[in-house]
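Structural overview
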Amino acid sequence: MTSSSSNHQEAAAHPEILSLDEFNVAIPQDVYDHLSKQYASLNDDGGGNSNKSEHIDKILDCMKRSPVDTCCRVNNIHSSVNEVQDGLRNYLMTMECCEIDDNQQQCEYMIQQHDILPDLITIRATANNNNNLYYSKVPPNKKQSTTSENSEDFNIQNTVNDLFPTWQLRHEQGWPTTHRCVIIDRFCAEAVLRGADIFVKGILCADAGITEGEEVAVYANLPRSNRSSKTIITTRGMLLQNYSDRCVFIGIGISKCKRADYFAQSSGLGVTMTSIAGPSQPPMNGVLGNKMILQNLPSIVVGHALDPQPGEVILDMCCAPGGKTTQVASLMNDIGLIIACDKSRRKMISCRDFFQVHASCIVPLALDSTKALLCEEEWKSPKKIIDTASTSSTDGLKDVKGFYANSFDRILLDPPCSALGLRPKLQIDIKSSKELLKAADYQQRFIRNAVPLLKVGGVMTYSTCTINAYENEHMVKFILDKFPCMRLVSLSHLPGLPGLPDMGLTEDECKMVRRFDPTDTSLDTMGFFLAKFQKV
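Every value quoted in this text rests on a predicted model; they were computed, and no experiment measured them.

**A few points about the pattern of salt bridges**
Evaluation of the coordinates by the stated rule reveals 22 salt bridges. For R124, the salt bridge goes to D69, with nearest N and O atoms at 2.6 Å. Here D69 lies in the loop between α2 (54-63) and β2 (70-74) and R124 lies in strand β6 (residues 120-125), a separation of 55 residues in the sequence. Between R345 and D395 there is a salt bridge, with its nearest N and O atoms 2.7 Å apart. Of this pair, R345 sits in helix α10 (residues 345-358) while D395 sits in the loop between α11 (382-388) and β18 (408-413), and the two are 50 residues apart along the sequence. The structure contains a network of salt bridges with shared partners spanning D61, K64 and R65.

Dropping the structure here:
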């Protein structure tokens, strides 16, 4: 186990430059120990030899890479699987993702409908040419215009003289000598590894002299976690030769403007990526409009587990950013009523605009679902509450305080969690294991409201995007122990693994839930957990 990304002790004036393969996601020791114990049973090799740290190390290693598949969920309200497949093929053609061979167009990406989830279309690179970048600190050398057999030393000096005449010792610090460089922030880098391009706001520093149309090397700024007493500060707009922190090579792109515009403009595209250090991911932002939505595979499984039916009244207790909500509407053919909540008004205003594009049966509410259960004697249906509620003149959201017991046919509960399953992830933001326990306590508050709100015979799904069993298997046990009216329903027909053993559930109960493990190469997904209950 490595709790920091490098043990290198560099001089303060020199940066630490790593390949994505060399980089290790830093995690606090007590968080690491907390998770390692949960996964200890998965490390037994069958001979009784167990290294309790092994499995969690594999998960952390997977966090650096995005899943190999780009998952596109079809919006059945506005399109069909065939239409979306055709649209994706045409889009990838225009992206110059195809090559001509013997007068046949062969797409570099394979587009397929999922064999179990009918509204899921996956895009996968047929040949990943970026694997070498994963192990590289610098881009491969550009093709030389001369055919003479020049030595490597001569080539280095030649390119340094051409590109960096005032920085002759550049290569000794580890920077590429064939490309100028751009360094971006961590959040921008995680998006790039999922196929996004780079907007100017994500750029921290860059080489002098970058011009529009120039090929550049892209690095992610990942500050050293084991800094000495002297703090390293990377300021936006800094010249690369003054950079002395830690960074990771993540790919190659084409600059869409000159260097000065990176820092003078408040918005706009800075670099379009051509190759990334990991699975090839096509840029998909805004593709096909309301006909499809990008979603992770486990999130799409949630909608199928809930199995909504046309005409039902459904509650999504923590809906932002809204992807699962719109899938529920799609599966209902936009017939029925979906109440979509989040306590953040800002998030719900964004969701409102998103919902309007994709479905008409969704009512967005700025409502804290931990306080959504009304106890007044006069029972009113959710539809009547919505129809009689006042509307904000500022943002158009309905003013609703809550709902009565036994109001909803189905409830989708995907509460705030520690998010330890998200991929790609280059930094763990959880500071201690106490935060993981607090997350579980908070989730219980949602459950205590959800169960009474559900009708007898109704269905509830519970899901998280974390690998922490205290928010997953332990929460299923909490529901079964505290609410005898809730019965666990099997999801064994859907993709995923059984629950973690020895974490509160029986062997049969483990088989009924779905756990998504980043190390499972058959699915290659984010870390995720899903359980389904029926109220009896």
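**Focus on a positive patch on the surface**
On the surface, K343, R346, K347, K371 and R445 cluster together into a patch of positive charge. On the secondary structure map, K343 appears in the loop between β16 (337-342) and α10. According to the relative accessible area criterion, K343 is exposed, its value standing at 58%.

**Some words on the packing of aromatic side chains**
Tallied over the entire structure, the rule returns 10 aromatic pairs. Between F478 and F483, the ring centres sit 6.3 Å apart and the planes meet at 80°, which makes this aromatic pair edge-to-face. No difference in accessibility class separates F478 from F483, as the two residues are buried. Residues F516 and F528 carry aromatic rings whose centres are separated by 6.2 Å and whose planes lie at 75° to one another, so their mutual orientation is edge-to-face. In this pair, F516 sits in strand β21 (residues 514-516) while F528 sits in strand β22 (residues 528-535), placing the two residues 12 residues apart along the sequence. For the pair formed by F516 and F528, the shared burial category is buried. Here the aromatic cluster, defined as three or more aromatic residues joined through ring pairs, consists of W175, Y219, Y243 and F249. A cation over an aromatic ring shows up here: R186 above the ring of F187, its NZ or CZ 4.2 Å from the ring centre.

About the criteria used
Every residue gets a number counted from 1 within its own chain, in the order that chain's sequence is written. Predicted model: local features are reported for residues with pLDDT of at least 70 only, side-chain atom pairs are reported and counted for 80 or more only, and whole-chain, interface and lining totals are derived from all residues. Where side-chain values are given, they derive from all heavy atoms of the structure, hydrogens and water being excluded. For this analysis, a salt bridge means a side-chain nitrogen from Lys or Arg found within 4 Å of a carboxyl oxygen belonging to Asp or Glu. Helix numbering and strand numbering both begin at the N terminus, where a helix is a DSSP run of H or I of at least 4 residues and a strand a DSSP run of E of at least 2. To count toward a patch, a residue needs a relative accessible area over 30% and no salt bridge; like charges are then connected within 9 Å, while nonpolar side chains (Val, Leu, Ile, Met, Phe, Trp, Tyr) are connected within 5 Å. Residue burial considers only the protein chains on display, and all accessible areas are found by Shrake-Rupley using a 1.4 Å probe. A positive count includes Lys and Arg, and a negative count includes Asp and Glu. His and the chain ends are not counted in either. For the purpose of locating charges, the reference atoms are NZ of Lys, CZ of Arg, CG of Asp and CD of Glu. Here's how the labels work: a residue is buried when its accessible area is under 20% of the maximum for its type, exposed when over 50%, partly exposed in between, all with a 1.4 Å probe on protein chains only. Under the pairing criterion, centres of Phe, Tyr and Trp rings, with the six-membered ring standing for Trp, must be within 6.5 Å; the plane angle then separates stacked pairs below 30 degrees from edge-to-face pairs above 60, leaving the rest tilted. By the criterion adopted, a ring carries a charge over it if an Arg CZ or a Lys NZ lies within 6 Å of its centre and within 35 degrees of its normal.

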